[in-house]
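Spelled out from the first residue to the last, the chains are:
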Amino acid sequence: MAILKIITKEDDILRKHSRPVEEITPRILRLLDDMKDTLHKAQGAGLAAVQVGVLRRVVLVETEPGELIELINPEIVSASEERQQEMEGCLSIPDEWGITDRPMTVTVRAMNRKGEWFETTGSGLKARAFCHELDHLDGILYTDKAIRMLDDEEVEEED
Ligand code: NI
């Protein structure tokens, strides 16, 4: 296992579309393990493979410590009409925060590391993380969608 370098927003790779995983190979398993180490080191709530330079549809979400969700080829299958407007950040955009408008609850369908399809539903922060990480797979950053970014004073208050 290894800690990988997290790519930041200046790099155009973050704007590329990631390709589906066709087969769960040892290389994909290694990627999942390395992404887990990288996410934990960075103390983030989620990480997409593109953020470590791999254009594959692989995402990790961990909004509760110890509850790591590995998502391979994830898709949002349903989203609530109820919305939330809360704070969001990104490991690829350090020291910035913004308010986004996202569904309050989303259900995601994805494959696990055994190649089995499953569904998982999250609300609040977990729903934001699902939406945010899945956007990364299509080259979208939350700053594209933010209603507004927090100014320095507001960021200090959050620290
Ligand atoms: Ni991000």
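See the structure above.
Below is a short write-up of the structure.

Definitions and cut-offs
- Residues numbered from 1 in each chain as written.
- Predicted model: local features only at pLDDT ≥ 70, side-chain atom pairs only at ≥ 80, totals over all residues.
- Heavy atoms only, no water.
- Donors = N, O, S within 2.8 Å, 3.2 Å for Na, K, Ca; no water.
- Helix = DSSP H or I, 4+ residues; strand = E, 2+ residues; numbered from the N terminus.
- Buried < 20%, exposed > 50% of the residue type's maximum accessible area, 1.4 Å probe, protein only.
- Salt bridge = Lys/Arg side-chain N within 4 Å of Asp/Glu carboxyl O.
- Pairing = 2+ DSSP bridges.
- Phe/Tyr/Trp six-rings, centres within 6.5 Å; stacked < 30°, edge-to-face > 60°.
- Lys NZ or Arg CZ within 6 Å of the ring centre and 35° of its normal.
- Contact = heavy atoms within 4.5 Å.
- Axes fitted to C-alpha atoms, helices over the stretch in contact; angles between N-to-C directions.
- Lys, Arg positive; Asp, Glu negative; His and termini not counted.
- Polar contact = N/O pair within 3.5 Å; in protein donor to acceptor, adjacent residues only side chain to side chain.

Coordination of the nickel ion by the protein involves C90 (SG), H132 (NE2) and H136 (NE2), with metal-donor separations of 2.0 to 2.2 Å. Within one chain, the residues serving as donors to the nickel ion are arranged as C-x41-H-x3-H. Of this pair, H132 and H136 both sit in helix α2 (residues 125-136), 4 residues apart, which is roughly one turn of the helix. Assessed through its relative accessible area of 6%, H132 is described here as buried.

Here the structure, examined in full by the defined rule, presents 11 salt bridges. Here R113 makes a salt bridge to E70, at a shortest N to O gap of 2.9 Å. Placement of the pair is R113 in the loop between β6 (105-111) and β7 (117-123) and E70 in strand β3 (residues 69-79), with a sequence separation of 43 residues. Its relative accessible area of 29% is what places R113 among the partly exposed residues. Taking relative accessible area as the criterion, E70 reaches 15% and is therefore assigned buried.

Turning our attention to the pairing of β3. Note that strand β2 (residues 58-61) and β3 share 4 bridges and pair antiparallel. Looking at β3, one finds that L60 is bridged to E70. Across 5 bridges, β3 lies against β6 in antiparallel orientation. Its bridge partner being in β6, A79 is matched across the sheet by V106.

With that settled, consider the packing of aromatic side chains. With the rule as written, the count across this model stands at 0 aromatic pairs. The ring of W117 carries the charged tip of R109 above its face, separated from the ring centre by 4.2 Å.

Quick look at the sheet that holds strand β5 (residues 93-103) now. Strand order in the open sheet made by the 3 strands is β4-β5-β8, with antiparallel pairing throughout. Among the strands making up the open sheet, the edge pair consists of β4 (83-90) and β8 (148-149). As paired strands, β5 and β8 are joined by 2 bridges and run antiparallel to one another. Residue I99 lies in a different strand from β8, and its bridge partner there is R148. Contacts between α2 and the sheet are confined to β4 and β5, with β4 contributing the most and set at about 60° to the helix.

What follows is about the side chain of D37. Looking at the element boundaries, D37 is found in helix α1 (residues 26-42). Buried and without a salt bridge, D37 has K36 as its closest oppositely charged side chain, separated by 6.0 Å. A distance of 3.5 Å separates a polar atom in the side chain of D37 from the backbone nitrogen of A2. Setting aside residues no more than four positions away along its own chain, D37 makes contact with M1, A2 and I3.

Purely geometric stuff here, so don't read any function into it on its own.
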